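Listed below are the residues making up each chain.
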Amino acid sequence: MRTPVVYDYAVIRVVPRVEREEFINAGVLVSCQATRTLAAAMALDPARLRALDPHADVETVQRHLDAIVRICRGDADGGPIAALPARARFHWLTARRSSIIQVSPVHTGRTGDPDGLCDRLLARMVLPPTPPGDA
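For clarity, every value in this text was computed on a predicted model and none was experimentally measured. (Residues numbered from 1 in each chain as written. Predicted model: local features only at pLDDT ≥ 70, side-chain atom pairs only at ≥ 80, totals over all residues. Heavy atoms only, no water.)

1. Thoughts on the pairing of strand S3 (residues 37-42)
It is a general feature of regular strands that their side chains alternate between the two faces of the sheet.
(1) Moving on: The pairing of strand S2 (residues 24-32) with S3 spans six bridges and is classified as antiparallel. Along S3, the bridge assignment pairs Val 30 with Ala 39.
(2) Moving on: Between S2 and S3, which pair antiparallel and follow one another directly, the connecting turn spans four residues, one of which, Arg 36, has a positive phi of 55°. (Pairing = 2+ DSSP bridges. Helix = DSSP H or I, 4+ residues; strand = E, 2+ residues; numbered from the N terminus.)

2. Side note on the pattern of salt bridges
(1) Moving on: Enumeration over the complete set of coordinates arrives at six salt bridges.
(2) Moving on: In this structure, the salt-bridge partner of Glu 22 is Arg 20, at a minimum N-O distance of 3.1 Å.
(3) Moving on: Among the residues examined, Glu 22 registers a relative accessible area of 27% and is labelled partly exposed.
(4) Moving on: Residue Arg 20 is classed as partly exposed on the basis of its relative accessible area, which comes to 45%.
(5) Moving on: Where Arg 73 meets Asp 75, a salt bridge forms, and the shortest distance between an N and an O atom there is 2.6 Å. (Salt bridge = Lys/Arg side-chain N within 4 Å of Asp/Glu carboxyl O. Buried < 20%, exposed > 50% of the residue type's maximum accessible area, 1.4 Å probe, protein only.)

Printed below as a string of structure tokens:
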């Protein structure tokens, strides 16, 4: 096991009707300064989104979630925010906003296994739970 490292994470939420304050978790955003990591993983569930708003534009929401991933990677097509240093991108992405894509408060954790952290958080915070006995 490696020496534990500190990381910050936030859950990406989709709020199809902001005035109702109902949301589904659709992804995670992870920043670890020790490993110089900024990553995002998304798993939008269209059926859950449509349960909150039958008229939700799933394709547009998915495009915006994909843009978050591109910004995290620093892709050239991620726009000017993608060109910022990783920590600045994390702070920009986690800034409070009242739009259809929102981010939870930032949480801090420690792990001795930073590889795959984004996927583990996605499984725990976003994906449907595994039924008992199927694990």
